Amino acid sequence: HPLLRRMGSLMEGCVSAICQIAMTQRSVLPMQDIYRLGTECKVMYFVVAGEMAYAHGVSTTMPISNFESEFSMVRSGTWACEWSLVMLWEHHGLMTTRAMPCELALINVVSFQNLLHQWPMVKDLCCRYAQLYKADQSAILEELSDLPISVDE
């Protein structure tokens, strides 16, 4: 992830501490909701294996075929809800697993933010990252999404 790579280049031990203290794993069965529209986001999600479907603005579980044109696939190697690490975040859609189980790595928001107090330079970087997001959203007038925006490293 671009933010975590940059954090690691500023302070070597920072990312290691995040992995040891703030990260957990979660195995999710097929066809299970990961989160729903309007709920508070407490973790950033990394898809380690499997795939999930994200439907922006959808709040209830329904068969994928009912909103097929509205969903985005979130596959292994991607992430969601990165903004929860640097600002208060509420989910803007429904994330659900597909026909296969899914393995996730999670960064707990509270643990992450508590760790930042040890590294003021990294905390400042996170504040600038949040400002980048807010400026991008203002400039393009898009609806907020749980999925990543493209950010030049």
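Residues numbered from 1 in each chain as written. Predicted model: local features only at pLDDT ≥ 70, side-chain atom pairs only at ≥ 80, totals over all residues. Heavy atoms only, no water.

Observations concerning the sheet that holds strand E7 (residues 93-97)
Phase 1: With respect to topology, four strands assemble into an open sheet ordered E2-E7-E4-E5, the strand pairing being antiparallel. Strands at the two margins of the open sheet, each flanked by one partner only, are strand E2 (33-35) and strand E5 (71-75). If you compare each strand with its neighbour and ignore which way they point, the axes differ by 30 degrees on average.
Phase 2: As judged from the five bridges shared by strand E4 (residues 51-56) and E7, these two strands associate in the antiparallel manner. Across the sheet, Ala53 pairs through a bridge with Thr96, a residue of E7. (Pairing = 2+ DSSP bridges. Helix = DSSP H or I, 4+ residues; strand = E, 2+ residues; numbered from the N terminus. Axes fitted to C-alpha atoms, helices over the stretch in contact; angles between N-to-C directions.)

Considerations on the pattern of salt bridges
When charged atoms on two side chains of opposite charge get close, those side chains can pair.
Phase 1: In the structure shown here, the tally under the stated rule is three salt bridges.
Phase 2: Across the pair Asp33 and Arg36 runs a salt bridge, and its minimum N-O distance is 2.7 Å.
Phase 3: Of the charged contacts in the structure, one is a salt bridge between Arg128 and Asp124, with a shortest N-O distance of 2.4 Å. Pair noted here: Arg128 and Asp124 are both in helix H4 (residues 120-140), with a separation of four residues, about one helical turn.
Phase 4: Arg128 sits in the partly exposed class, given a relative accessible area of 40%.
Phase 5: For Asp124, a relative accessible area of 40% puts it in the partly exposed group. (Salt bridge = Lys/Arg side-chain N within 4 Å of Asp/Glu carboxyl O. Buried < 20%, exposed > 50% of the residue type's maximum accessible area, 1.4 Å probe, protein only.)

Observations concerning the sheet that holds strand E6 (residues 79-80)
Phase 1: Spatially, the four strands line up as an open sheet ordered E1-E8-E3-E6, and their pairing is antiparallel. At either margin of the open sheet sits one strand with a lone partner, and together these are strand E1 (23-28) and E6.
Phase 2: Of the pairings in the sheet, the one linking E1 to strand E8 (residues 102-108) comprises six bridges and is antiparallel in character. In the sheet register, Ser27 faces E8, and the bridge partner there is Glu103.
Phase 3: Along the sheet, helix H2 (residues 12-22) makes contact with E1 and E8, crossing E1 at roughly 50 degrees.
Phase 4: In the packing of helix H3 (residues 109-116) onto the sheet, the strands contacted are strand E3 (43-49) and E8, and the crossing angle to E8 comes to about 40 degrees. (Contact = heavy atoms within 4.5 Å.)

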